[in-house]
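# Remarks on the overall topology
Each chain is listed here by its residues.
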Protein chains: 2
Amino acid sequence: MERKTMKALVERIKKDGIVFPGEILKVDNFLNHMVDPMLMEAMGLDFYDQFQDNGITKVLTAEVSGIAIATPTAHAFKVPMLFAKKNQSLTSNDAVYEARIYSYTKQDYFNLHVNKSFLSADDTVLIIDDFLANGEALKGLISLCEQADAQIGGIGIAIEKTFQPGGRDLREAGYSIYSQVKIKSLANETVTFE
Amino acid sequence: MERKTMKALVERIKKDGIVFPGEILKVDNFLNHMVDPMLMEAMGLDFYDQFQDNGITKVLTAEVSGIAIATPTAHAFKVPMLFAKKNQSLTSNDAVYEARIYSYTKQDYFNLHVNKSFLSADDTVLIIDDFLANGEALKGLISLCEQADAQIGGIGIAIEKTFQPGGRDLREAGYSIYSQVKIKSLANETVTFE
């Protein structure tokens, strides 16, 4: 079922991605700080191509870095884009679904939440995120959908690090994941694609 | 010089905006949490219509809520979108331009920064933000451009609260600001447009 990678994104990573010690791939010059909007559109259309038959009613991502990808993706599907927010000042009055997530990068927990009125059992959700490594953020987004009894119609990832276990674990759990780029190693500060 | 308001956004605020005590306008269901990507595209094209002759080379906004507007705006201009990040873990090694901003909403200061390599004297910047009230965030974005010796080719705002002084102050300082919607009062929990 799963397609090959998205060639334009592979080429862009080859050209502009920078590998730092600790198997960190920085894509700050076209994805995570400065953003190429033409590439974002192409990525959105590529996700549409992959998931167009799945009855998607909403695109869900997490702030901050998922938003620039999820907005043109939702545009391709002609459905709303919902971004889960990091908690700052929730009160007990706020009616939200909430998930606790461990960040390996920051070595700390954070919460993501969505307003309950924006996600329901009537939704079939396409989850979008920029990176998939250990899958912690993705499990949080999945949990938000499950709390709302929403269907998950697919998971679209820009860059998957297949040498970390998140993608394998979630595929084994039955989720349909399409990663536009799969990276099997960042050792020796070199990007090796699958 | 300045155009009228953007009718589609006025109508959407009439339909879906919610006014809370304290003159707060919530647009969480199409702009700040759940996002209507078709409206974002229309807003981007509207900004393009206004600023297309200004030689824009980059669109600058602030995370989080500016990103969904700035991405299709940058697409319309066919230029990169750069979002200023809120500081979390800067080290003295990071080469950034940085601005300190007071948030009236949170009653606290926060910092915004951009990597120095992404903004330079060669740039003519269109600054985009969702709200203009006291203008604190906007002044921070302007400061980032000034630190980089970048030209400011225009400022595009989705929703301006003209009963607060930010827009007036910045226009008096000579900046070219176009606000798609101008709200002159949120008293009595009612939106009154200019």
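Before reading on, note that the structure itself is shown above.
All right, on to unusual backbone geometry then. Only a minority of non-glycine residues have a phi that is not negative, and only a minority of peptide bonds are not trans. Val64(A) follows Glu63(A) through a cis peptide bond whose omega is 5 degrees. Positionally, Val64(A) belongs in the loop between strand 4 (58-62) and helix 3 (67-77). Even without a glycine there, the phi angle at Asn188(B) is positive, about 55 degrees. Mapped onto the elements, Asn188(B) comes out in the loop between strand 10 (177-185) and strand 11 (192-193). Judged by its relative accessible area of 73%, Asn188(B) is exposed. Positive phi outside glycine occurs at Glu189(B), with the angle close to 55 degrees. Take Glu189(B): it is sitting in the loop between strand 10 and strand 11.

This part takes up the relation of the copies chain B and chain A. Note on the identical chains: chain B maps onto chain A by a rotation of 180 degrees and an axial translation of 0.0 Å, with an RMSD of 0.0 Å. Taken together, the turn and the small shift mark the pair as related by a two-fold rotation axis. Mapped onto chain A, 100% of the interface residues of chain B are again interface residues, and the two copies thus contact each other with one and the same surface.

One pass over the full model with this rule turns up 18 salt bridges over all chains. Between Glu160(B) and Arg171(B) there is a salt bridge whose closest N-O contact spans 2.9 Å. Residue Glu160(B) is located in strand 9 (residues 151-161), and its partner Arg171(B) is located in helix 5 (residues 166-172); the two are separated by eleven residues in the primary sequence. Judged by its relative accessible area of 26%, Arg171(B) is partly exposed. Within the structure, one salt-bridge network assembled from shared partners comprises Arg12(A), Lys15(A), Asp16(A) and Asp36(A).

Now for the nonpolar core. Residues Leu9(A) and Leu9(B) are the most contacted members of the largest nonpolar core, which totals 72 residues. For Leu9(B), the contacting residues outside a window of four places in its chain are Phe30(B), Leu39(B), Met43(B), Ala158(B), Ile159(B), Gln180(B) and Val181(B).

What follows covers the interface of chain B and chain A. Counting residues at the interface gives 31 residues for chain B, matched by 31 residues for chain A. Taken together, the two surfaces of chain B and chain A that pack against each other cover about 2700 Å², and 71% of this comes from carbon and sulfur. For the chain B face of the interface with chain A, the top three residues by lost area are His33(B), Met34(B) and Phe118(B), together amounting to 24%. Counting across the chain B and chain A interface gives zero salt bridges. Where chain B packs against chain A, one counts ten residue pairs in polar contact (both at pLDDT 80 or more). Those elements giving two or more residues to the side of chain B that touches chain A turn out to be strand 3 (34-35), helix 2 (37-51), helix 3 (67-77), strand 5 (81-86) and strand 7 (108-115) of chain B. Class assignment for the residues of the side of chain B that touches chain A results in 16 nonpolar, eight polar and seven charged. Sheet topology places strand 3 (residues 34-35) of chain A next to strand 5 of chain B; two bridges connect them, and they run antiparallel. Bridge assignment links Met34(A) to a residue of strand 5 of chain B, and that residue is Leu82(B).

About the criteria used
Residues numbered from 1 in each chain as written. Chains lettered and ligands numbered in written order. Predicted model: local features only at pLDDT ≥ 70, side-chain atom pairs only at ≥ 80, totals over all residues. Heavy atoms only, no water. Helix = DSSP H or I, 4+ residues; strand = E, 2+ residues; numbered from the N terminus. Buried < 20%, exposed > 50% of the residue type's maximum accessible area, 1.4 Å probe, protein only. Least-squares fit on C-alpha atoms with pLDDT ≥ 70 in both. Contact = heavy atoms within 4.5 Å. Salt bridge = Lys/Arg side-chain N within 4 Å of Asp/Glu carboxyl O. Core = buried A, V, L, I, M, F, W, Y, C linked by side-chain atoms within 4.5 Å. Buried area = accessible area lost by both parts, 1.4 Å probe. Polar contact = N/O pair within 3.5 Å; in protein donor to acceptor, adjacent residues only side chain to side chain. Nonpolar A, V, L, I, M, F, W, Y, C, P; charged D, E, K, R; others polar. Pairing = 2+ DSSP bridges.

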